[in-house]
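# Summary of structural features
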Amino acid sequence: EVQLVESGGGLLKPGGSLRLSCAASGFTFSNAWMNWVRQAPGKGLEWVGRIKSKPNGGTIDYAAPVKGRFTISRDDSKNTLYLQIYSLKTEDTAVYYCATGGMTSRAGLDYWGQGTLVTVSS
Amino acid sequence: QSVLTQPPSVSAAPGQTVTISCSGSSSNIGNNFVSWYQQLPGTAPKLLISDNNKRPSGIPDRLSGSKSGTSATLAITGLQTGDEADYYCGTWDSSLSAGVFGGGTKLTVL
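My aim in this report is to walk through the structure given alongside it, one point at a time. It should be emphasised that the depicted structure is a prediction, and the values quoted were computed from it without experimental measurement. (Residues numbered from 1 in each chain as written. Chains lettered and ligands numbered in written order. Predicted model: local features only at pLDDT ≥ 70, side-chain atom pairs only at ≥ 80, totals over all residues. Heavy atoms only, no water.)

This part takes up the interface of chain B and chain A. Tallying the contact residues gives 20 residues for chain B and 23 residues for chain A. Taking both sides of the interface into account, the surface hidden between chain B and chain A amounts to around 1700 Å²; carbon and sulfur atoms contribute 64%. By the criterion of area lost to chain A, the three top residues of chain B are Phe33, Trp92 and Phe101 of chain B, representing 34% of everything that side buries. Along the contact surface separating chain B from chain A lie one salt bridge. (Contact = heavy atoms within 4.5 Å. Buried area = accessible area lost by both parts, 1.4 Å probe. Salt bridge = Lys/Arg side-chain N within 4 Å of Asp/Glu carboxyl O.)

Our next topic: the pairing of strand E3 (residues 35-39) of chain B. Residues and elements named next belong to chain B. With respect to burial, E3 is a largely interior element, five of its five residues being buried. The alternating pattern of E3 places Ser35, Tyr37 and Gln39 on one face and Trp36 and Gln38 on the opposite face, and all of these are buried. Note: E3 against strand E7 (residues 85-93), five bridges, orientation antiparallel. Looking at E7, one finds that Ser35 is bridged to Gly90. Pairing of E3 with strand E4 (residues 46-49), which is carried by three bridges, proceeds in the antiparallel orientation. (Buried < 20%, exposed > 50% of the residue type's maximum accessible area, 1.4 Å probe, protein only. Helix = DSSP H or I, 4+ residues; strand = E, 2+ residues; numbered from the N terminus. Pairing = 2+ DSSP bridges.)

Okay, the pattern of salt bridges next. Under the definition given, this model contains nine salt bridges over all chains. Between Asp92 of chain A and Arg69 of chain A there is a salt bridge; the shortest N-O distance is 2.7 Å. With Asp92 of chain A in the loop between strand E8 (80-85) and strand E9 (94-102) and Arg69 of chain A in the loop between strand E6 (60-62) and strand E7 (70-75), the pair connects residues that are 23 residues apart, well separated along the chain. Under the relative-accessibility criterion, Arg69 of chain A is labelled buried at 12%. One salt bridge in this structure joins Asp51 of chain B and Lys54 of chain B, with 3.6 Å as the shortest N-O distance. In the salt-bridge network here, residues are joined through shared partners; they are Arg38, Glu46, Arg69 and Asp92 of chain A.

Structure, rendered in structure tokens:
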């Protein structure tokens, strides 16, 4: 059974930083493309970024609003995906989901974690 | 303002059919695969349709997807109260080099 478990969220102050983790199991993580998607309170889904598998080059793409402040990485030895956020802004307040797959692929985003809430407030 | 345009809400009675539209452009829907997601209140999104019209295992055939040109449509027949949720379309935008979602459509089963 595919499982994705996000962690690392919490209440943080503007200007700070944090690292979210997504622990994966039930599939071959090293071959999977992985995504981060966020959802601000009461709002729709926003794609944050994607990291391809290393066999596919490990390419990372980001949404324009987060480019330069967000960094996606992966540790295939730990079956874990990361999202590092720098210079936190109040508008980063959202539930952050990790998801397998790719929006360029036929499969779409086929499995999702339960999400972790990040609240940025002074 | 989302790159993909969906109606904010749709509604229909139990047993009826509803369609949700998703409009884009040649840089996204027109030349990439469309997927659809259901988000029940308080839960994570779930993939309903991939590759424009393919249902993953476990998704009932009451749900179907289609694509024509720069638009896509999700159809749900035999509506049930359990179908009340937010629905999102998604695809890749080749000009932005980014994934994009529609703004979401809230389905109410009257």
